[in-house]
Amino acid sequence: FSLRVCGSAVEMSHELHHHKDEDEGDGGHQFKGVNKGGVLQEVRIFNDPHLDTNKCCTLITKLLYLIGHGEKFTRNEATGVFFSVTKLFQSKDERLRRMVYLVIKGLSPGNDEVIIVTSTLTKDMTSNNDLYRANAIRVLCSITDAAMLAQIERYLKQAIVDKQPFVASAALVSGLHLMKRNPEVVKRWVNEVNQAATDKRGPMVQYHALALLYSIKQSDRLAVSKLVSTLSHQQLRSPLAQCLLIRYTVTVMSDSSEQGRQYYEFLESCLRHKSEMVICEAARAICDLPNVTARELSPAIIVLQLFLTSNKPTLRFAGVRALNKIAMLHPLSVTACNLDLETMISDSNRSIATLAITTLLKTGSESSVERLMKQITTFMSEIADEFKIVVVEAIRTLCLKYPAKHRTLMTFLSGILREEGGFDFKKCIVESIMTLINCIPDAKDAGLLHLCEFIEDCEFTFLSTQILHLLGREGPKTAAPSKYIRYIYNRVILENATVRAAAVTALTKFGVSVPALRGEVVALLRRCTRDVDDEVRDRATFQLALLEAEDSPILHKYLTEARPFSVEAVEKNLTEYTANGNFSTPFDLARTVALQTQQQAVAAVTRQEAGPKPESGPASGGSDRPVQSSVYADMLNAVPELAGLGKLFKSSPPTEMTESESEYLVSCVKHVFPEHVVFQFTINNTLEDQALANVNVNMDMGECDGFEFHTAVPAELIRCGTPGVSFMCFTYDGESCPTGDIACTLTFIAKEIDPSNDEVDEEGMDDEYQLETVSLTAADYVLQVSVPDFRKTWETMTDEFEMSSAFTLPPSIKSLQDATKTIIDVTGMEPCERTDRVSAAAKSHRVLLHGVFIGHKKGMVIADLTAGSGPGQIDLKLVVRSEAEVISAIIVSAMT
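What you see is a predicted model, and the numbers here were worked out from it, not measured in a lab.

**Notes on the overall build of the chain**
Assigned secondary structure in the chain consists of 39 helices and 18 strands. Taken across its 896 residues, the chain has 50% of its residues classed as buried. In the chain, the share of contacts with a sequence separation of at least 24, taken over all contacts with a separation of at least 6, comes to 65%. Total accessible area computed for the chain in this model is approximately 43200 Å², and 51% of it derives from carbon and sulfur atoms.

Rendered as structure tokens:
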């Protein structure tokens, strides 16, 4: 409830209402045809000795209209209008005086002009007319500077505790605006504001006083906590102030875990407030609490369920909207409301009905999917596209939650795809079907056929090209790829040039990947060489020549291979290559593997350090992507002790080494070089009265053979709120990949900080702090790099260093999907051909992995998973090929 009483808006609405009858009789609004030149000419009426107050009010309204619509006045024009307006202070008409206040605020006069009206406004502040007093306060506070503000400060303090609520609210709202320009002045009003916050003169006074009091104290967490704690034990008269207090309580709870139970009890007590506004705000606040339990949610859910049966649409909307949000994190807690939600599907308010449907889709069980779809079918034809999009997104989420129901949900999506709708609606459906195809292997054939039928009548070029690209990528991998050829070639005949070009490329991919169809594809491409569009004709000619050459490596290189690097990375490597000046060896494009650009790396580091990363789902690709970028390389090169280590191969995501409530927060990033490993420790000191000097991390490499100490770079001084970085560097032979757990201890000199001058004492005490262990694994030495044709790459790789192993996975791995994720995480390699996704009904699964290890040696894995005879038993057969024996050995060792 970010409410503010804006006097100018209220008063202008009164003035516009005064002319309502005149507007309706004109056949158009009174400002039609108003221009700045004409208004400036009319301003002369302000100088008449006998003022016509109605004409003056109308003219000021026109001025405000021009100002509100962004009309610019020159300095001379604004000054002329201002001096003319000041003469209207001679009038005693209240309505005209209010308009004068508004136009002075709108003109924003300079310091020289302000002096002219200051005395008049100050006189109005002390008049007996409350209307004059309140408006004069607003105007003075908006146009005055810091020097003049000191002169009227005592009047403002008196106004805050004035017995007239209108005047007190004006002073408090002016204080809120002044906090942005002169906070040091407003902070001296804290006693008067405190008095207004606990006074019961009027609800708006209490609301504005609480807002200003929080604004004054918000930089002092302890003061805010005390304010919330004090007011939570009082019954505020104003419902708006109570809502504001609830929001401040949630802010305090998020900043500190202390007194959490006391604050929660206050929120729960607000659920029994007589104001529906307060009840709604309290329920929403409880639902938004971090780490809230089902038991703590229960009172809020009960209140929101009562809202669902209210005869007021606003309460029904508030209740279903809050439940919709809760259902994303706590679906089981909302299931008790499902019966009430089902009755709301037929609500006359379509917004309420849409939220009810999407909430049911989030909380419904697998057995209720068919029933929900029947209810939604009739509902969809009655709502606008914007609501349909919300429903489609909820259905997509439900299908990913219950993959076994993909046929029912896919049929529903294909049905509404054939109905009338705009681009955004159709795009949402197409993207949902594509997501289901990518994430649910069993849904691929049905999804592709639905999309093929859609493009027969699709009017949107963008969607047609997207679907054709998907068909070219996924169609050749299906059991019967030939059935898609007809749909694709129809686009060549019937569509515009952009779609025809996309169709030619899709056809070519079928010819490359399915040799049995190559002859048919070549015949179709020959027809395309006579196309009227240059792009279509050139694509067909080029791709036809490649297909007829039947050179498999060339075909894959130019037509199907993805480019696993970014343009920025290629540019950077070419610059380094030319700057080096050694052209005896050719530039190796294969080594330019930039999984993230510099901007993506910075964003990834920020996300990692901001909080723990959620577990990846079945469609996430398993392991975390390495942060491979020049960001870390440039940072390490800036450290003199680490500048000569060579080219950075890989940097890991940050790993937390302490609990989030610890005095010292430490995270570690591992940087792997050709012959060195650098451990970067980022240390945060949370103690305000203590500084850490000569901060280092001692590492026990006893369980990690193959390393020798190289250098240590300690952090010189770490204060509270300013993180420091220390480094530990070790060498290894560059051929092996040492792995193991490393015990770590944070060592430092603790020095006190003098609170009077904020200086650090010279003397200190040696101290240490035990950290979690750091693990070096095989995944730290490999880059995730995909290959477009795994089988071809596997066959071309030598089997000289092939190794195999077979064993049963631990009982903690209970499904094929869990086993797949574990294999990807442990090896750190890239899953190829979407083998990271497992069908829910599968009894066996094959995982294909590829990666580039340190020394730019490739490694490949074929992992066959089979559900064993025992409950939860999964058998694994592993075959590894690589370009070095040590690589094969480390992969097998990591899995065993």
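**As for the side chain of Ser432**
Relative to the assigned elements, Ser432 resides in helix H26 (residues 423-439). Residue class for Ser432 comes out buried when judged on its relative accessible area of 0%. If we skip the residues at most four places from it in the chain, Ser432 touches Val392, Arg396 and Leu413.

**Remarks on a negative patch on the surface**
Residues Glu688, Asp689, Glu752, Asp761, Glu762 and Glu763 make up a contiguous surface patch of negative charge. For Glu762, the location among the structural elements is in the loop between strand S10 (759-760) and strand S11 (765-770).

**What to know about the pairing of strand S9 (residues 740-754)**
Sheet topology note: the strand S5 (residues 690-700)/S9 ladder contains nine bridges and is antiparallel. Paired with Leu692 across the strands is Ala750, a residue of S9. Sheet analysis places S9 next to S11, joined by six bridges and oriented antiparallel. Its bridge partner being in S11, Leu746 is matched across the sheet by Tyr769. With two bridges connecting them, S9 and S10 associate as antiparallel partners. Counterpart to Asp754 in the pairing with S10 is Glu759. In this antiparallel pair of consecutive strands, S9 and S10, the connection spans four residues, and Asp758 shows a positive phi of 60°.

**Re the pattern of salt bridges**
It is possible for side chains of opposite charge to pair when their charged atoms get near one another. Summed over all chains, the structure comprises 30 salt bridges. With a shortest N-O distance of 2.9 Å, Arg188 and Glu153 are connected by a salt bridge. On the criterion of sequence distance, the pair formed by Arg188 in the loop between helix H11 (183-186) and helix H12 (190-198) and Glu153 in helix H9 (residues 146-160) is long-range, its members being 35 residues apart. Residues Lys312 and Glu276 are paired through a salt bridge, measuring 3.1 Å at the closest nitrogen-oxygen approach. With a gap of 36 residues between them, Lys312 in the loop between helix H18 (294-308) and helix H19 (313-326) and Glu276 in helix H17 (residues 276-287) connect regions that are remote in the sequence.

**Some thoughts on helix H13 (residues 203-217)**
Given a rise of 1.5 Å per residue, 15 residues ought to cover 21 Å, and the 21 Å separating the end C-alpha atoms of H13 matches this to within 8%. Within H13, 13 of the 15 residues are buried, which leaves it mostly tucked inside the rest of the structure.

**As for the nonpolar core**
Among the nonpolar cores identified, the biggest contains 192 residues, and Ile104 and Leu361 are the most heavily contacted of them. When neighbours within four sequence positions are excluded, Ile104 is seen to be in contact with Phe82, Val85, Phe89, Pro109, Val117, Val139 and Ile143. Residues Met699, Ile742, Ala778 and Phe853 belong to the second largest nonpolar core, which totals 63 residues.

**Considering the packing of aromatic side chains**
On inspection of all chains with the given rule, the structure shows 14 aromatic pairs. Both rings, one in Tyr214 and one in Tyr248, keep their centres 3.8 Å apart while their planes meet at 10°; by these two values the pair is stacked. In this pair, Tyr214 sits in helix H13 while Tyr248 sits in helix H15 (residues 239-255), placing the two residues 34 residues apart along the sequence. Relative accessible area serves as the criterion here: at 16%, Tyr214 is assigned to the buried category. Seen from their ring centres, Phe423 and Phe462 are 6.1 Å apart, and the 70° between their planes marks the pair as edge-to-face. Highlighted residues: Phe423 in helix H26 and Phe462 in helix H28 (residues 461-474), separated in sequence by 39 residues.

**Focus: the packing of helix H38 (residues 816-827) against helix H39 (residues 885-895)**
Packing of H38 against H39 leaves a shortest axis separation of 9 Å and a crossing angle of 135°. Looking at the two axes, H38 sits oblique to H39. Of the two possible hands of crossing, H38 and H39 adopt the one that is right-handed. Counting all contacts with H38, which are made through Ile823, Val826 and Thr827, the residues of H39 involved are Ile891, Ala894 and Met895. When its residues are assigned to classes, the contact of H38 with H39 shows five nonpolar, one polar and no charged.

**Digging into the confidence of the model for the chain**
On average, residues of the chain carry a pLDDT of 82, and 89% of them reach 70 or more. In this model, residues 1-28 is a region of pLDDT below 50 whose contacts with residues beyond four sequence positions or in other chains number 41 contacts. Predicted confidence is poor over residues 593-628, with pLDDT under 50, and the contacts of this stretch with residues over four places away or in other chains come to 70 contacts.

What counts as what
Residues numbered from 1 in each chain as written. Predicted model: local features only at pLDDT ≥ 70, side-chain atom pairs only at ≥ 80, totals over all residues. Heavy atoms only, no water. Helix = DSSP H or I, 4+ residues; strand = E, 2+ residues; numbered from the N terminus. Buried < 20%, exposed > 50% of the residue type's maximum accessible area, 1.4 Å probe, protein only. Contact = heavy atoms within 4.5 Å. Areas by Shrake-Rupley, 256 points an atom, 1.4 Å probe, with all protein chains shown as cover. Patch = residues over 30% accessible without salt bridge, like charges linked within 9 Å, V, L, I, M, F, W, Y side chains within 5 Å. Salt bridge = Lys/Arg side-chain N within 4 Å of Asp/Glu carboxyl O. Lys, Arg positive; Asp, Glu negative; His and termini not counted. Charge placed at Lys NZ, Arg CZ, Asp CG, Glu CD. Pairing = 2+ DSSP bridges. Expected span 1.5 Å × (residues − 1). Core = buried A, V, L, I, M, F, W, Y, C linked by side-chain atoms within 4.5 Å. Phe/Tyr/Trp six-rings, centres within 6.5 Å; stacked < 30°, edge-to-face > 60°. Axes fitted to C-alpha atoms, helices over the stretch in contact; angles between N-to-C directions. Parallel < 35°, antiparallel > 145°, perpendicular 65-115°, else oblique. Left-handed = near helix turned anticlockwise from the far one by under 90°. Nonpolar A, V, L, I, M, F, W, Y, C, P; charged D, E, K, R; others polar. pLDDT = per-residue confidence, 0-100.

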